[in-house]
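Here is how the chains run, residue by residue.
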Amino acid sequence: MTAAIDLLVEGGPEAVTTTTVAARAGVSVGWLYNFFDGREALLEEILVSCLQDLDNRLDEVNFDLGGPDWKEKAKAGVEAHIEFFNETPAFRAIWFSTEFTGRMIRANRVHDDELAAYLARTITDVRPDAPQVPLDVVTQIFVGMLDKGFDLAYRESPDRGNEALLQEMKRSSIEYLAAYLP
């Protein structure tokens, strides 16, 4: 996996082939096929491991929407997302690639859906004047706002993200939640 990640960061997804990964790792292509059924499987494994890293980062900052301090926890979660994007060039290389396959899209969607469902379950209180929208819809919109914000910020500035766009994404997504959470 280290060889595949290094090639991905150095040359993008097109640089990741079973032949180049095997050569970089010092193993035979046949040996590699014992674990991966091809380059797409290598890229998918990198994506999944990156999403697991993101989840670990979110756990570390106690990202949820419960309690009176939900806003601070939400800000910490968004900051953890930003740090993840900044510190994980392999994820950015896949996420912004034309090599983002159907299975990778599904894995990313499942991750987003699970994150939104988790956040909805953590909500402990709702504003009495909140619009009548199911909380799972609210959290899906919130996660979607983050996704689109990252898309905009890192397409404009691929290495570190456009800081003004990232800060506006953070502000606007948390203000959106404030329409529902006290």
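What comes next concerns the included structure. (Residues numbered from 1 in each chain as written. Predicted model: local features only at pLDDT ≥ 70, side-chain atom pairs only at ≥ 80, totals over all residues. Heavy atoms only, no water.)

As for the environment of F35
Turning to step 1, where the next piece is worked out: Along the chain, F35 falls in the loop between α3 (29–32) and α4 (39–60).
Turning to step 2, where the next piece is worked out: Between the C-alpha atom of F35 and that of A130, which follows or precedes it by 95 residues, the distance is 50 Å. (Helix = DSSP H or I, 4+ residues; strand = E, 2+ residues; numbered from the N terminus.)

What to know about the packing of helix α7 (residues 102–122) against helix α8 (residues 135–156)
Turning to step 1, where the next piece is worked out: Look at α7 against α8: their axes get within 8 Å of each other, and the N-to-C directions meet at 130 degrees. Taken as axis vectors, α7 and α8 run oblique relative to one another. For the pair α7 and α8, the sense of crossing is right-handed. Across from N108, D112, D113, L115, A116, L119 and A120 in α7, the residues of α8 making contact are L135, D136, T139, Q140, F142, V143 and D147.
Turning to step 2, where the next piece is worked out: Residue composition of the contact of α7 with α8, grouped by class: 7 nonpolar, 3 polar and 4 charged. (Axes fitted to C-alpha atoms, helices over the stretch in contact; angles between N-to-C directions. Parallel < 35°, antiparallel > 145°, perpendicular 65-115°, else oblique. Left-handed = near helix turned anticlockwise from the far one by under 90°. Contact = heavy atoms within 4.5 Å. Nonpolar A, V, L, I, M, F, W, Y, C, P; charged D, E, K, R; others polar.)

What to know about the layout of surface pockets
Turning to step 1, where the next piece is worked out: Of the pockets and cavities examined, the largest pocket occupies roughly 170 Å³.
Turning to step 2, where the next piece is worked out: D55, L58, D59, F63, H111, E114, L115 and Y118 are the residues that line the largest pocket.
Turning to step 3, where the next piece is worked out: Class assignment for the residues of the lining of the largest pocket results in 4 nonpolar, 1 polar and 3 charged. (1 Å grid on protein atoms, 1.4 Å probe; cavity = no way out; pocket = protein on both sides within 12 Å on 5 of 7 lines; lining within 4 Å. Points joined across faces, edges and corners; volume = space filled by probe spheres on them.)

Regarding the packing of aromatic side chains
Turning to step 1, where the next piece is worked out: Counted under the stated rule, the structure contains 12 aromatic pairs.
Turning to step 2, where the next piece is worked out: Their ring planes at 40 degrees and their centres at 6.2 Å tell us that F150 and Y154 sit as a pair that is tilted. Residue F150 and its partner Y154 are both found in helix α8; the two are separated by 4 residues, about one turn of the helix. There is no split in this pair, since F150 and Y154 are both buried. (Phe/Tyr/Trp six-rings, centres within 6.5 Å; stacked < 30°, edge-to-face > 60°. Buried < 20%, exposed > 50% of the residue type's maximum accessible area, 1.4 Å probe, protein only.)

Quick notes on the nonpolar core
Turning to step 1, where the next piece is worked out: F150 and L177 are the most contacted members of the largest nonpolar core, which totals 53 residues.
Turning to step 2, where the next piece is worked out: Those elements that provide at least two residues to this core are α1 (2–11), α2 (18–25), α4, α5 (70–87), α6 (89–95), α7, α8 and α9 (163–178).
Turning to step 3, where the next piece is worked out: The greatest single-element share of this core, amounting to 9 residues, is contributed by α4. (Core = buried A, V, L, I, M, F, W, Y, C linked by side-chain atoms within 4.5 Å.)

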